[in-house]
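Fold and geometry: a report
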Amino acid sequence: MAQRRLFSPDIVASDAFLDMPISSQALYFHLGMNADDDGFVNPKRVMRMIGVSEDDLRVLVGKRFVLVFDDGVVVIKHWKINNWIRPDRYKFTKYTDQLVKLYTKENGS
C-alpha cells in the first residue's frame, strides 16, 4: 500500500511559505512525499529528480522549513504537524543518530 503524506494548511498557506519561490515550495512538497515516517530524507536525490537547485534547499533551510544535519540529511521541521502515522504502519527511521538530536515543541514542530 502506498504511503499517505499530508500537508497542513497552517504550514503551506502561511505567509512564510508562500513568500518562497515556487521551486522551493515544490521541493518542500517533494521532500515531504519522499520522507520516511519520521520526516527524514536525503535531499540530493529528490533535488535531482525534480531539477531544482541548491538555492532552493538553502531557502528551505534559511526559512527553517527543514533542518539539515552534517551528513546532508534533512528533516522536515513541521513533520508532526503535517503527518500522523498509525502505530501499526509506522516504520522507524534509519537516521537514528539524527533523531536523538531532535525534540518536539509544544506546537508540534
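See the structure shown above.
Thresholds, definitions, all that
Residue indices begin from 1 for each chain and proceed along its sequence in written order. Reporting in this predicted model follows two pLDDT cut-offs: at least 70 for local features of residues, and 80 or more for side-chain atom pairs to be given and counted; totals over whole chains, interfaces and linings ignore these cut-offs and use all residues. The basis for every side-chain value is the complete set of non-hydrogen atoms in the structure, without hydrogens or water. Throughout, an axis means a line fitted to C-alpha atoms (over the contacting stretch in the case of helices), and angles, computed between N-to-C directions, take values from 0 to 180 degrees. Going along the chain from the N terminus, every DSSP run of H or I of four or more residues is numbered as a helix, and every run of E of two or more is numbered as a strand. An angle counts as roughly parallel when it lies under 35 degrees, as roughly antiparallel when it exceeds 145, as roughly perpendicular when it falls between 65 and 115, and as oblique in every other case. The contact definition used throughout considers only heavy atoms, calling two residues in contact when any of these lie within 4.5 Å. When residues are sorted by character, Ala, Val, Leu, Ile, Met, Phe, Trp, Tyr, Cys and Pro go into the nonpolar class, Asp, Glu, Lys and Arg into the charged class, and all the rest, Gly among them, into the polar class. Each residue gets one of three labels from its accessible area relative to the maximum for its type: buried under 20%, exposed over 50%, partly exposed in between, using a 1.4 Å probe on protein chains only. The directions from the helix axis to the C-beta atoms are what the arc is built from. Here a polar contact means two N or O atoms within 3.5 Å. Within protein one must be a hydrogen donor candidate and the other an acceptor candidate, and residues neighboring in sequence count only if both atoms are side-chain atoms. Should the near helix be turned counterclockwise from the far one by less than a right angle, the crossing is left-handed, whereas a clockwise turn marks it as right-handed.

1. Some words on the packing of helix α3 (residues 22-34) against helix α5 (residues 54-62)
Here α3 crosses α5 at 80°, and the two axes come no closer than 9 Å. By the angle between their directions, the pair α3 and α5 is classed as roughly perpendicular. Across the interface between the two elements, Ser23, Ser24, Leu27, Tyr28 and Leu31 of α3 pack against Asp56, Leu57, Val59 and Leu60 of α5. A per-class count over the contact of α3 with α5 returns six nonpolar, two polar and one charged.

2. Some remarks on helix α4 (residues 43-50)
If you check which residues of α4 are buried, you get Pro43, Val46 and Met47. Along α4, the residues classed as buried sweep out an arc of 100° about the axis, all on the same side. Two to three positions downstream of the cap, the backbone nitrogen of Lys44 sits 3.1 Å from a side-chain oxygen, assigning the N-cap of α4 to Asn42. Just downstream of α4, Gly51 is the residue with a positive phi angle, here 75°.

3. Considerations on the environment of Lys91
Tracing the sequence through the fold places Lys91 in the loop between α6 (79-82) and α7 (96-99). With a relative accessible area of 57%, Lys91 lands in the exposed category. Linking Lys91 and Met47, residues 44 residues apart in sequence, is a C-alpha distance of 24 Å. Aside from chain neighbours lying at most four places away, what touches Lys91 is Asp37 and Asp38.

4. Some points on the packing of α3 against α4
The interhelical angle for the contact between α3 and α4, taken along N-to-C directions, is 125°, at an axis separation of 10 Å. By the angle between their directions, the pair α3 and α4 is classed as oblique. For the crossing formed where α3 meets α4, the hand is right-handed. On the side of α3, the interface is formed by Ala26, Leu27, His30, Leu31 and Asn34, while α4 contributes Pro43, Arg45, Val46, Met47, Met49 and Ile50. Here the contact of α3 with α4 is built from residues that sort into eight nonpolar, two polar and one charged.

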